[in-house]
Amino acid sequence: MGEIIPAQAALQQSNDSPKRTIIDLTHPLVSSEVPACDGHPKYAVHCLSHLSRGDVATCHSLTMGTHTGTHVDAPYHFVEDGITVDKLDLTLLTAAPAVVADLRWKKAREPIRWEDLGKYENQLRDGVALLLCTGWSSNWKRSNYSEHPFLDVEAAKKIMEKGVRVIGLDTMSPDEVAEEGDTGRVHRIWLGDGGIIVENMNGLERLLEVSSEADLRVSLLPLRLVDCDGSPIRAVAWKEHP
Ligand SMILES: [Zn+2]
């Protein structure tokens with residue numbers, strides 16, 4: 001009987017606890033519909049076997065790069081002796097307190113400066129993931145997707161000074177993407193100092209409704225790709241005390 005009672009109590013507890021709402025911040029990966037930078041592979045799914053064809057099981061193979069869809073950049077992306085994605089500090093990417101900056105008023109190719117982040121300054125500290133919400137993920141798959149607002153280099157340095165090591169964006173890059181491609185300026189500073197960048201996040205504006213002091217958490221976990229520079233992730237957020 002002693003074993004039954006705790007089990008019943010646990011069941012009762014799970015019935016009583018409010019259901020946690022998970023907010024998915026990941027772009028769906030659909031064959032041939034995922035924007036890719038020049039030189040990066042186009043995402044594609046290939047069916048290897050299928051139950052409907054009488055095969056014993058359904059299996060697919062994938063064509064993708066380390067920067068396909070919603071993904072993390074590890075320091076090794078821009079720094080030759082930087083940390084590779086399999087060695088990233090997972091404490092920074094698992095249930096991390098998130099601060100969401102509302103920057104939806106920023107226009108195409110407009111820099112995000114430190115002054116724009118002033119009201120979030122007190123929340124920036126070690127262990128926090130700073131998410132810059134420009135609303136640009138609604139342009140995913142449109143021709144203007146690369147014309148997003150971008151982070152000013154001096155602002156990036158200030159954010160790092162506050163102890164933040166994870167920055168997430170709803171754009172393809174924290175940097176300006178010019179005709180010639182990504183300027184790489186913020187990439188070099190952020191990754192050069194051991195930081196992690198999360199790109200192509202989806203629907204960050206949904207977090208502005210639930211965001212409150214120290215209550216919002218995010219998990220941004222990469223695959224354990226040995227000696228690689230980045231990895232697709234499933235980015236999720238939730239309110240710690242619903
Ligand atoms: Zn990347």
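This report concerns the structure included in the present document. (Residues numbered from 1 in each chain as written. Predicted model: local features only at pLDDT ≥ 70, side-chain atom pairs only at ≥ 80, totals over all residues. Heavy atoms only, no water.)

### Here we look at the coordination of the zinc ion
The coordination sphere of the zinc ion contains the protein donors His67 (ND1), His71 (NE2), Asp73 (OD) and Glu199 (OE), at a distance range of 2.1 to 2.2 Å. Here the zinc ion binds four donor atoms, and the angle range of 77 to 168° at the metal identifies the geometry as irregular. Read in sequence order, the donor residues coordinating the zinc ion give the pattern H-x3-H-x1-D-x125-E. With Asp73 in strand β4 (residues 71-73) and Glu199 in strand β12 (residues 196-199), this pair connects stretches of sequence that are 126 residues apart. (Donors = N, O, S within 2.8 Å, 3.2 Å for Na, K, Ca; no water. Tetrahedral: all angles 85-135°; square planar, octahedral: opposite > 155°, others 65-115°. Helix = DSSP H or I, 4+ residues; strand = E, 2+ residues; numbered from the N terminus.)

### Thoughts on the nonpolar core
Core analysis: the biggest nonpolar cluster contains 26 residues, and Leu25, Leu131, Val166, Met201, Leu207, Val218 and Leu220 have the highest contact counts within it. Elements that contribute at least two residues to this core include exactly β5 (96-102), β7 (129-133), β12, β13 (216-222) and β14 (230-239). The residues contacting Leu25, other than those within four sequence positions of it, are Thr70, Met201, Asn202, Gly203, Leu204, Arg206, Leu207, Val218, Ala235, Val236 and Ala237. In this structure, Val99, Ala101, Val128 and Leu132 belong to the second largest nonpolar core, which totals 25 residues. (Core = buried A, V, L, I, M, F, W, Y, C linked by side-chain atoms within 4.5 Å. Buried < 20%, exposed > 50% of the residue type's maximum accessible area, 1.4 Å probe, protein only. Contact = heavy atoms within 4.5 Å.)

### Side note on the environment of Asp116
Structurally, Asp116 can be placed in the loop between β6 (111-112) and β7. For the pair Asp116 and Ser231, spaced 115 residues apart in sequence, the C-alpha to C-alpha distance is 30 Å. If we ignore the near neighbours within four places in the chain, the residues touching Asp116 are Leu103, Trp105, Lys106 and Pro111. A polar contact of 2.7 Å, which involves the side chain of Asp116, links it to the side chain of Lys106. (Polar contact = N/O pair within 3.5 Å; in protein donor to acceptor, adjacent residues only side chain to side chain.)

### Overview of helix α2 (residues 153-161)
Every buried residue of α2 is listed here: Val153, Ala155, Ala156, Ile159 and Met160. Looking straight down α2, one finds its buried side chains confined to an arc of 160°; they lie on one side. Tucked into the core, α2 has its buried residues touching β6, β7, β8 (150-151), β9 (166-169) and α3 (185-192). For α2, the side-chain oxygen to backbone nitrogen distance between the N-cap and Glu154 is 3.2 Å, and the N-cap itself is Asp152. Two residues or fewer after α2 comes Gly163, characterised by a positive phi angle close to 100°. (Arc of directions from axis to C-beta.)

### A look at the packing of α2 against α3
Orientation of α2 relative to α3, taken along the N-to-C sense of each, is 15°, at an axis distance of 9 Å. Here α3 runs roughly parallel to α2, going by the angle between their axes. Between α2 and α3 lies a crossing of right-handed hand. Residues Val153, Ala156, Lys157, Ile159 and Met160 of α2 lie in contact with α3, whose contacting residues are Arg185, Val186, Ile189 and Trp190. Grouping the constituent residues of the contact of α2 with α3 by class yields seven nonpolar, no polar and two charged. (Axes fitted to C-alpha atoms, helices over the stretch in contact; angles between N-to-C directions. Parallel < 35°, antiparallel > 145°, perpendicular 65-115°, else oblique. Left-handed = near helix turned anticlockwise from the far one by under 90°. Nonpolar A, V, L, I, M, F, W, Y, C, P; charged D, E, K, R; others polar.)

### Concerning α3
Along α3, the residues that are buried comprise Val186, His187, Trp190 and Leu191. The buried residues of α3 all sit within an arc of 110° when viewed along its axis, so they share a single face. Facing away from the buried side of α3 by over 90 degrees, the exposed positions are Arg185 and Gly192. Looking at the packing, one finds that the buried side of α3 touches β4, β8, α2, β9, β11 (181-182) and β12. Among the residues trailing α3, Gly194 stands out with phi positive, at a value near 85°.

Honestly, that's just the spatial picture; any functional story needs more than this.
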